[in-house]
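Reading the structure
Take a look at the letters that make up each chain.
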Amino acid sequence: MIKKIFPAFGTINTVTLFGGCNSSILDKIKQTILEMHNCFSFFSPDSEIYKINQNAGIHPVAVSEDTFYLLSLALEYAKETKGKFDVTVGSISKLWKNAIRSGTLPTEEEIKYCQTQCGIKNLELDKVHGTAFLHKKGVKLDLGGIVKGYAADKARSMLQEQGIEDAQINFGGTVIAMGKMQKIGIQNPFQKTGTTMVSIALKDKAIVTSGSYEQCFFHQGKRFHHIIDPQTGKPSCSGLLSISLIGDKAVTLDVLATGVCCLGQEDGIPILHKHGISAVFVTDNGSVQVTPELQEQISFYGSIMYF
């Protein structure tokens, strides 16, 4: 077993090869992912996303094929999730991240102002010229809800091109199990980090977990977290504490984990069915519900409901 561990996208990323493989591919994957990090960074002045944000309301910015493709996906999924997945929420995401760090609620005025600085309708892509433009000054792109899945899919493609079959890619909880059957654990949201609630046996599948328990703080007995509903400007209140999605493409799972977490289980299930995605839902009251096709793959420590 050979591992490559490196930071990118604000998390720790690991690529593990099983069996006798040429480990030089791991250095190439690391280099590629770091290039993506630099391209998509919200904070780096050299990133394409930063340049698009800085030129909001001023002029279009020429972007790479990767950035254009990701933004095109973002437009599609914004429509499919009824606006619950929105990459133009950079201003309000930053507001709540600061709130979580300080443990202090933003004011209603701050929230309303940041909402005026959001809206996917402000994003225009020009395929002919390869440009991206934010029509309104102050609107900011944040690709945090899509980039890890896209990067994980890219890493898988690079491994497949080298004929590598048995591997695991774990980009901050966005996991792809390649080749042999692998047991992937899902965090128990009511226990300390590293405590598994469910393990799922996966082979040549991706799994993404999104949870409102990960980054949060309490104020007057109420929990405030980092998954923001663009339409309210506040942490989502869909009744879901966490959602784990299993399917073929990590980028689709990454996006829909956020979108469905905001939409809620009832409205989210038809979207998941459309994409052939299985799911494990944990509700705010602690009940766990799983799509039926996972029954033979899942091991759970407690009561469970299939639907």
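Attention in this report is confined to the structure presented alongside it. (Residues numbered from 1 in each chain as written. Predicted model: local features only at pLDDT ≥ 70, side-chain atom pairs only at ≥ 80, totals over all residues. Heavy atoms only, no water.)

Observations concerning the packing of helix 1 (residues 24-40) against helix 6 (residues 147-161)
Between helix 1 and helix 6, the shortest axis-to-axis distance is 10 Å and the interhelical angle comes to 155°. Between helix 1 and helix 6, the angle falls in the class roughly antiparallel. Of the two possible hands of crossing, helix 1 and helix 6 adopt the one that is right-handed. Counting all contacts with helix 1, which are made through Ile 25, Lys 28, Ile 29, Thr 32, Ile 33, Met 36 and Phe 40, the residues of helix 6 involved are Val 147, Tyr 150, Ala 151, Lys 154, Ala 155, Met 158 and Leu 159. Residue classes in the contact of helix 1 with helix 6 are distributed as eleven nonpolar, one polar and two charged. (Axes fitted to C-alpha atoms, helices over the stretch in contact; angles between N-to-C directions. Helix = DSSP H or I, 4+ residues; strand = E, 2+ residues; numbered from the N terminus. Parallel < 35°, antiparallel > 145°, perpendicular 65-115°, else oblique. Left-handed = near helix turned anticlockwise from the far one by under 90°. Contact = heavy atoms within 4.5 Å. Nonpolar A, V, L, I, M, F, W, Y, C, P; charged D, E, K, R; others polar.)

Structural notes on the sheet that holds strand 3 (residues 61-62)
Sheet strands pair by backbone hydrogen bonding; their relative direction is either parallel or antiparallel. Strand order across the open sheet formed by three strands is 3-5-4, with antiparallel pairing between neighbours. Of all strands in the sheet, those bounded by a partner on one side alone are strand 3 and strand 4 (123-126). Note: strand 3 against strand 5 (residues 131-134), two bridges, orientation antiparallel. Along strand 5, the bridge assignment pairs Val 61 with Ala 132. Sheet contacts for helix 3 (residues 65-80): strand 4 and strand 5; angle to strand 4, the most-contacted strand, approximately 130°. (Pairing = 2+ DSSP bridges.)

Here we look at the pattern of salt bridges
Across all of its chains, the model carries seven salt bridges by this definition. One salt bridge in this structure joins Lys 4 and Asp 27, with 2.7 Å as the shortest N-O distance. In this pair, Lys 4 is assigned in strand 1 (residues 2-8) and Asp 27 in helix 1, connecting sequence segments 23 residues apart. Accessibility expressed as a relative area gives 21% for Lys 4, which makes it partly exposed. You can call Asp 27 partly exposed: its relative accessible area is 44%. A salt bridge links Asp 153 to Arg 156, with the shortest nitrogen-to-oxygen separation between them at 2.8 Å. Note that Asp 153 and Arg 156 are positioned in helix 6 at a spacing of three residues, about one turn of the helix. Comparing Asp 153 with Arg 156 shows no difference in burial state: the two are buried. (Salt bridge = Lys/Arg side-chain N within 4 Å of Asp/Glu carboxyl O. Buried < 20%, exposed > 50% of the residue type's maximum accessible area, 1.4 Å probe, protein only.)

Quick word on the side chain of Glu 48
By the secondary structure assignment, Glu 48 is in helix 2 (residues 48-54). There is no salt bridge for the buried Glu 48, and the closest opposite charge comes from Lys 51, which lies 7.1 Å off by N-O distance. Looking at Glu 48, its side chain comes within polar contact range of the side chain of Thr 67, at 2.6 Å. Setting aside residues up to four positions removed in sequence, Glu 48 forms contacts with Cys 39, Val 63, Ser 64 and Thr 67. (Lys, Arg positive; Asp, Glu negative; His and termini not counted. Polar contact = N/O pair within 3.5 Å; in protein donor to acceptor, adjacent residues only side chain to side chain.)

Focus: the pairing of strand 15 (residues 240-247)
Here strand 15 lies mainly inside the structure; eight of its eight residues are buried. Relative to strand 16 (residues 278-283), strand 15 is paired through six bridges, and the arrangement is antiparallel. Pairing of Ile 246 across the sheet is with Ser 278, part of strand 16.

Quick word on the pairing of strand 6 (residues 167-171)
Taking every second residue as pointing to the same face, the buried face of strand 6 carries Ala 167, Ile 169 and Phe 171, while none of Gln 168 and Asn 170 on the other face is buried. Bridging between strand 2 (residues 11-17) and strand 6 involves five bridges; their strand directions are antiparallel. Looking at strand 6, one finds that Val 15 is bridged to Ile 169. Examined bridge by bridge, strand 6 and strand 7 (residues 174-178) share five bridges and lie antiparallel to one another. The residue of strand 7 that forms the bridge with Ile 169 is Ile 176. Linking strand 6 to strand 7, which pair antiparallel, is a turn of two residues; within it Gly 172 sits at a positive phi near 60°.

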